[in-house]
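What follows is each chain in one-letter form.
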Amino acid sequence: MLRFNTNMLTKFSPISYTRKFKLPEYLIYHKACNYRHTSEDSFLLFSTKDPSVQAIMYCNPEEIYRKDKGWIKSLYISYLNTFGNQRKGLGTILLNIAKKWSEGLGYEGRFHVFASSIRPSEAVSHVFYKKYGMNTGLLSIDRKIDRLSKQKRPITNLELQPREMYYPPIEYNVGNNTPFFKHIMKSILSYFSISNSIK
């Protein structure tokens, strides 16, 4: 019969760690999906203290037209949901991730999102994105968002229509300097110069 000698346990000190490891407040799970013509990245954020506190974001690279930059690469956030965990900083963390991810892709931190709500009665996300530093590029709409945000109440689709919002914010009154506009103006001027020469 095989017996275990318990006296052997006294010859060795118990295992101890020289450093204590502390888990961060949040962990992030990243998954990349590559399709035939595009790719999509998902980021799942959850709390180490309360796993029910979660948020998720899907994003993919796009080429968009910004009136202050012309045609340019930007990261599109196609889906962002905090699952009812508002005012805990989860959305801000995900937007910071989007910014860093965009920088890693060589897009200089640019990203954009379609601000809306799932149901007409639910609060829209325009105010949250505006506070982060994004804008619609339309001065009248951005001023309206700022005005409504001061009322400290949920804003619905009845007051703010779904809009694309951009980071960094689009600069106002610089659309005339974009390559696209310059090309149009050059074509118009060349047309009139030809017309004058014919006369």
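Residues numbered from 1 in each chain as written. Predicted model: local features only at pLDDT ≥ 70, side-chain atom pairs only at ≥ 80, totals over all residues. Heavy atoms only, no water.

A. The arrangement of the environment of leucine 75 in detail. Locating leucine 75 in the fold gives a position in strand S4 (residues 70-81). Here leucine 75 falls in the buried class, since its relative accessible area comes to 0%. The sequence separation of leucine 75 and leucine 105 amounts to 30 residues, and the corresponding C-alpha distance is 8.8 Å. (Helix = DSSP H or I, 4+ residues; strand = E, 2+ residues; numbered from the N terminus. Buried < 20%, exposed > 50% of the residue type's maximum accessible area, 1.4 Å probe, protein only.)

B. Quick look at the pattern of salt bridges. What the rule picks out here adds up to four salt bridges. Arginine 66 is paired through a salt bridge with aspartate 68; the nearest N and O atoms lie 2.9 Å apart. Considered together, arginine 66 and aspartate 68 belong to a single accessibility category, that of buried residues. Among the ionic pairs, lysine 130 bridges to aspartate 146, the shortest N-O distance being 3.1 Å. Of this pair, lysine 130 sits in helix H2 (residues 126-132) while aspartate 146 is found in helix H3 (residues 139-149), placing the two residues 16 residues apart along the sequence. Residue aspartate 146 is classed as partly exposed on the basis of its relative accessible area, which comes to 32%. (Salt bridge = Lys/Arg side-chain N within 4 Å of Asp/Glu carboxyl O.)

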